[in-house]
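# Breakdown of the fold
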Amino acid sequence: MVSEPTVADATNRIYESLQADNADIDLHIATLKAALTRAGLKEAVFDPARLVQNNRSGRKLMQAYFRQRGVTVNFSAS
């Protein structure tokens, strides 16, 4: 039996994808969405320090892109 990825696993894969110029980002967002649903969570929390574009426009772009795919994004306080 293959275990489903946790929210933390899915979030780490998204960080890796962002570092790799968004490789397979849509797949990772779908995985994160499923993990959030299983965990009963409504939003994903990302550490802005780990983002490639850690500025206001980069964060807003990320939030908008994820929102279009059904995932609400917030950022932890640095």
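Our structure is the block above this text.
Residues numbered from 1 in each chain as written. Predicted model: local features only at pLDDT ≥ 70, side-chain atom pairs only at ≥ 80, totals over all residues. Heavy atoms only, no water.

## Here we look at the packing of aromatic side chains
Throughout the structure, instances matching the rule amount to 2 aromatic pairs. Seen in terms of ring centroids, Tyr15 and Phe46 are 5.5 Å apart; in terms of plane orientation they differ by 85 degrees. Their pairing is edge-to-face. Remark: Phe46 occurs in strand E1 (residues 43-46) and Tyr15 occurs in helix H1 (residues 7-19); sequence separation between them is 31 residues. An identical accessibility class is assigned to Tyr15 and Phe46; each is buried. A relative accessible area of 0% places Phe46 in the buried class. Members of the aromatic cluster, each reached through a chain of ring pairs, are Tyr15, Phe46 and Phe66. It is Arg69 that lies over the ring of Tyr65; its NZ or CZ is 3.6 Å from the centre. (Phe/Tyr/Trp six-rings, centres within 6.5 Å; stacked < 30°, edge-to-face > 60°. Helix = DSSP H or I, 4+ residues; strand = E, 2+ residues; numbered from the N terminus. Buried < 20%, exposed > 50% of the residue type's maximum accessible area, 1.4 Å probe, protein only. Lys NZ or Arg CZ within 6 Å of the ring centre and 35° of its normal.)

## As for the side chain of His28
Within the element layout of this structure, His28 appears in helix H2 (residues 25-39). Beyond its immediate chain neighbours, meaning those up to four positions away, His28 contacts Arg13, Ile14, Ser17 and Ala23. (Contact = heavy atoms within 4.5 Å.)

## Side note on the packing of H1 against H2
One way to put it is that H1 packs onto H2 with a least axis distance of 8 Å and a crossing angle of 160 degrees. Between H1 and H2, the crossing angle belongs to the class labelled roughly antiparallel. At the point where H1 passes H2, the crossing takes the left-handed sense. Facing H1, whose interface residues are Val7, Ala10, Thr11, Arg13, Ile14, Ser17 and Leu18, H2 presents Ile25, His28, Ile29, Thr31, Leu32, Ala35, Leu36 and Ala39. A per-class count over the contact of H1 with H2 returns 10 nonpolar, 4 polar and 1 charged. (Axes fitted to C-alpha atoms, helices over the stretch in contact; angles between N-to-C directions. Parallel < 35°, antiparallel > 145°, perpendicular 65-115°, else oblique. Left-handed = near helix turned anticlockwise from the far one by under 90°. Nonpolar A, V, L, I, M, F, W, Y, C, P; charged D, E, K, R; others polar.)

Don't take any of this as a statement about function, it's just geometry.
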